Amino acid sequence: FQAFTKVVIHEIMPGIISGALMAFTMSLDDFVISYFVTGSSFITLPVEIYNYTKKPIQPKIYALFTLMFAVMVVMNPLQTRSEKRVQHGAQRRVRG
(Lines give C-alpha, C1' and ligand atoms only; values in the text may rest on other atoms or scores of the structure.)
Protein backbone atom coordinates (compact mmCIF):
# COMPACT_ATOMS: atom_id res chain seq x y z
CA PHE A 1 0.00 0.00 0.00
CA GLN A 2 2.83 2.39 0.83
CA ALA A 3 4.50 1.72 -2.52
CA PHE A 4 1.18 2.30 -4.28
CA THR A 5 0.67 5.66 -2.60
CA LYS A 6 4.25 6.84 -3.09
CA VAL A 7 4.68 5.66 -6.68
CA VAL A 8 1.39 5.26 -8.48
CA ILE A 9 -0.57 8.05 -6.81
CA HIS A 10 2.42 10.38 -7.15
CA GLU A 11 2.58 9.70 -10.90
CA ILE A 12 -1.13 10.14 -11.57
CA MET A 13 -1.65 13.14 -9.25
CA PRO A 14 -1.41 15.73 -12.10
CA GLY A 15 -4.15 13.84 -13.93
CA ILE A 16 -6.31 13.67 -10.82
CA ILE A 17 -5.93 17.40 -10.18
CA SER A 18 -6.54 18.40 -13.79
CA GLY A 19 -9.58 16.11 -13.95
CA ALA A 20 -11.00 17.67 -10.79
CA LEU A 21 -10.46 21.16 -12.18
CA MET A 22 -12.04 20.17 -15.49
CA ALA A 23 -15.07 18.71 -13.72
CA PHE A 24 -15.39 21.86 -11.62
CA THR A 25 -15.16 24.07 -14.73
CA MET A 26 -17.70 21.97 -16.60
CA SER A 27 -20.09 22.12 -13.65
CA LEU A 28 -19.95 25.91 -13.77
CA ASP A 29 -20.62 25.80 -17.51
CA ASP A 30 -23.69 23.56 -17.24
CA PHE A 31 -25.87 26.18 -15.61
CA VAL A 32 -29.04 25.42 -17.56
CA ILE A 33 -28.99 21.74 -16.65
CA SER A 34 -28.16 22.54 -13.03
CA TYR A 35 -30.92 25.12 -12.83
CA PHE A 36 -33.63 22.76 -14.07
CA VAL A 37 -32.61 19.67 -12.08
CA THR A 38 -31.88 21.36 -8.76
CA GLY A 39 -34.02 19.97 -5.97
CA SER A 40 -35.31 21.76 -2.92
CA SER A 41 -32.85 20.08 -0.55
CA PHE A 42 -29.63 21.32 -2.20
CA ILE A 43 -28.41 24.07 -4.51
CA THR A 44 -25.47 23.71 -6.87
CA LEU A 45 -22.76 26.37 -7.12
CA PRO A 46 -23.84 27.78 -10.54
CA VAL A 47 -27.42 28.16 -9.31
CA GLU A 48 -26.23 29.80 -6.10
CA ILE A 49 -24.14 32.29 -8.10
CA TYR A 50 -27.17 33.00 -10.29
CA ASN A 51 -29.33 33.55 -7.21
CA TYR A 52 -26.79 36.09 -5.93
CA THR A 53 -27.09 38.08 -9.16
CA LYS A 54 -30.77 38.72 -8.52
CA LYS A 55 -30.06 40.29 -5.13
CA PRO A 56 -27.67 43.01 -4.06
CA ILE A 57 -24.21 41.47 -3.97
CA GLN A 58 -23.15 40.33 -0.54
CA PRO A 59 -19.54 40.06 0.63
CA LYS A 60 -19.82 36.23 0.50
CA ILE A 61 -19.94 36.29 -3.30
CA TYR A 62 -16.80 38.43 -3.45
CA ALA A 63 -15.06 35.92 -1.19
CA LEU A 64 -16.23 33.02 -3.40
CA PHE A 65 -14.90 34.62 -6.58
CA THR A 66 -11.65 35.53 -4.85
CA LEU A 67 -11.14 31.89 -3.86
CA MET A 68 -11.94 30.70 -7.38
CA PHE A 69 -9.47 33.20 -8.83
CA ALA A 70 -6.79 32.19 -6.32
CA VAL A 71 -7.20 28.52 -7.25
CA MET A 72 -6.75 29.36 -10.94
CA VAL A 73 -3.70 31.53 -10.23
CA VAL A 74 -2.05 28.75 -8.21
CA MET A 75 -2.93 25.92 -10.58
CA ASN A 76 -1.68 27.60 -13.77
CA PRO A 77 2.03 27.65 -12.79
CA LEU A 78 1.75 24.14 -11.31
CA GLN A 79 0.29 22.81 -14.54
CA THR A 80 2.96 24.57 -16.61
CA ARG A 81 5.74 23.14 -14.41
CA SER A 82 4.24 19.66 -14.70
CA GLU A 83 4.02 19.91 -18.50
CA LYS A 84 7.64 21.06 -18.73
CA ARG A 85 8.74 18.17 -16.52
CA VAL A 86 6.89 15.67 -18.72
CA GLN A 87 8.38 17.18 -21.89
CA HIS A 88 11.87 17.17 -20.39
CA GLY A 89 11.50 13.53 -19.36
CA ALA A 90 10.30 12.57 -22.83
CA GLN A 91 13.24 14.34 -24.46
CA ARG A 92 15.67 12.59 -22.12
CA ARG A 93 14.18 9.18 -23.01
CA VAL A 94 14.46 9.90 -26.73
CA ARG A 95 18.13 10.92 -26.43
CA GLY A 96 19.03 8.07 -24.08
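Residues numbered from 1 in each chain as written. Predicted model: local features only at pLDDT ≥ 70, side-chain atom pairs only at ≥ 80, totals over all residues. Heavy atoms only, no water.

1. Quick word on the overall build of the chain
(1) Moving on: The helix and strand tally for the chain stands at 4 helices and 0 strands.
(2) Moving on: When the elements of the chain are put in sequence order from the N terminus, they spell out α-α-α-α.
(3) Moving on: Per-residue burial for the chain yields a buried fraction of 11% across its 96 residues.
(4) Moving on: Considering only residue pairs separated by 6 or more positions, the chain has 23% of its internal contacts joining residues 24 or more positions apart.
(5) Moving on: Only carbon and sulfur atoms are counted for the fraction: they give 67% of the accessible area of the chain, which is about 8,100 Å². (Helix = DSSP H or I, 4+ residues; strand = E, 2+ residues; numbered from the N terminus. Buried < 20%, exposed > 50% of the residue type's maximum accessible area, 1.4 Å probe, protein only. Contact = heavy atoms within 4.5 Å. Areas by Shrake-Rupley, 256 points an atom, 1.4 Å probe, with all protein chains shown as cover.)

2. A look at the environment of Tyr35
(1) Moving on: By the secondary structure assignment, Tyr35 is in helix α2 (residues 31-37).
(2) Moving on: Sequence separation between Tyr35 and Pro46 is 11 residues; the distance between their C-alpha atoms is 7.9 Å.
(3) Moving on: Setting aside its immediate chain neighbours within four residues, Tyr35 contacts Val47 and Tyr50.

3. Re a nonpolar patch on the surface
(1) Moving on: A cluster of nonpolar side chains, Phe1, Phe4, Val7, Val8, Ile12, Met13, Ile16 and Ile17, forms an exposed patch at the surface whose accessible area comes to about 740 Å².
(2) Moving on: Mapped onto the elements of the fold, Val7 is located in helix α1 (residues 2-29). (Patch = residues over 30% accessible without salt bridge, like charges linked within 9 Å, V, L, I, M, F, W, Y side chains within 5 Å. Salt bridge = Lys/Arg side-chain N within 4 Å of Asp/Glu carboxyl O.)

4. A closer look at the environment of Thr5
(1) Moving on: By the secondary structure assignment, Thr5 is in helix α1.
(2) Moving on: Residue classification places Thr5 among the partly exposed positions, given a relative accessible area of 32%.
(3) Moving on: Engagement of the side chain of Thr5 in a polar contact is seen with the backbone oxygen of Gln2, the distance being 2.9 Å. (Polar contact = N/O pair within 3.5 Å; in protein donor to acceptor, adjacent residues only side chain to side chain.)

5. Points about the layout of surface pockets
(1) Moving on: Of the pockets and cavities examined, the largest pocket occupies roughly 420 Å³.
(2) Moving on: Lining the largest pocket are 17 residues, and of these Pro14, Ile17, Met75, Leu78 and Gln79 lie nearest its centre.
(3) Moving on: For the lining of the largest pocket, the secondary structure elements donating two or more residues are α1 and α4 (59-95).
(4) Moving on: If one sorts the elements of the lining of the largest pocket by residue count, α4 sits on top with 10 residues.
(5) Moving on: Among the residues making up the lining of the largest pocket, the classes are represented as 9 nonpolar, 5 polar and 3 charged. (1 Å grid on protein atoms, 1.4 Å probe; cavity = no way out; pocket = protein on both sides within 12 Å on 5 of 7 lines; lining within 4 Å. Points joined across faces, edges and corners; volume = space filled by probe spheres on them. Nonpolar A, V, L, I, M, F, W, Y, C, P; charged D, E, K, R; others polar.)

6. Some details on the confidence of the model for the chain
(1) Moving on: Confidence along the chain averages 80 in pLDDT terms, with 90% of residues attaining 70 or more.
(2) Moving on: Mean pLDDT values over the elements of the chain span from 75, in α2, up to 84, in α1. (pLDDT = per-residue confidence, 0-100.)

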